[in-house]
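These are the residues of each chain, in order.
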Amino acid sequence: MHSPNALENHIKATALQEGALLVGFTKIRRVDPVILLGFPFTDQWFLKEPLQTALMLGKEYSVSKHVQDVIAKKLRAEGYTAYYKTVLSLYGDFRPLAVSAGLGQWGRNGLVVNKDYGSGLLFAALFTNAPLEPSIENQQQGCQEHCTSCGQCIEACPGKAFTNNRFHTYNCLSYTMKGCAECLRACSKKTSIH
Ligand code: SF4
Ligand code: SF4
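The model shown is predicted, which means the values in this text are computed figures rather than measured ones.

Caption draft 1: Representation of the sheet that holds strand E1 (residues 22–28) in the model. The strand order across the open sheet built from 4 strands is E1-E2-E6-E3, with neighbouring strands paired in antiparallel fashion. Among the strands making up the open sheet, the edge pair consists of E1 and strand E3 (82–85). Pairwise comparison of adjacent strand axes, ignoring direction, gives a mean angle of 25 degrees for this sheet. The pairing of strand E2 (residues 32–40) with strand E6 (residues 121–128) spans 7 bridges and is classified as antiparallel. Looking at E6, one finds that Leu 36 is bridged to Ala 125. Helix H1 (residues 4–18) rests against E1 and E2 of the sheet, and its axis sits at about 135 degrees to E1.

Structure follows, in structure tokens:
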């Protein structure tokens, strides 16, 4: 059986090798360990490019399910429980857990921003009783400062939704209904994952 440290390292290495972009650990209610996984996603708004977006969603679902199957199998073989929710889960919004696990920070565009991959990310979660410790390991050091000095999403916004350091939902709404995703696209330009 792996020591807790060796198990964490094994899970990280396996997840990255099998197709995840990001891996981190956190705990729900500060007690129950969760493995958070990040996968690349398009910066196209679904209603604007439905076919392309659906195809990419299908591909990332398969990759994420594969990664989670491999990790769950390993955890169960070590005697731990393991169940997971994929990137298509209706269970909930994994963004707060992703931030807690160090996969990104809340960005000025209202999404989770990773300093290397921007906001074009999907998150999946695997729940276990294995002794995994939260791992905020400086993955996001400098991300918030970068976000503060960047402002590309604000410049790109045609609806001026970020005026006066506040987010104006109504300014955004009329543009999102027409398929606007300029704030996501501006942030995702930092990456080469598409
Ligand atoms: S575009 Fe820049 S300011 Fe906007 S969320 Fe991304 S990193 Fe932050
Ligand atoms: S979706 Fe468009 S209008 Fe809304 S905040 Fe983003 S860029 Fe601005």
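Caption draft 2: Just the pattern of salt bridges, in detail. A full pass over the atoms with the stated rule returns 8 salt bridges. One salt bridge in this structure joins Asp 93 and Arg 95, with 2.8 Å as the shortest N-O distance. Judged by its relative accessible area of 27%, Arg 95 falls in the partly exposed class.

Definitions and limits used
- Residues numbered from 1 in each chain as written.
- Chains lettered and ligands numbered in written order.
- Predicted model: local features only at pLDDT ≥ 70, side-chain atom pairs only at ≥ 80, totals over all residues.
- Heavy atoms only, no water.
- Pairing = 2+ DSSP bridges.
- Helix = DSSP H or I, 4+ residues; strand = E, 2+ residues; numbered from the N terminus.
- Axes fitted to C-alpha atoms, helices over the stretch in contact; angles between N-to-C directions.
- Contact = heavy atoms within 4.5 Å.
- Salt bridge = Lys/Arg side-chain N within 4 Å of Asp/Glu carboxyl O.
- Buried < 20%, exposed > 50% of the residue type's maximum accessible area, 1.4 Å probe, protein only.

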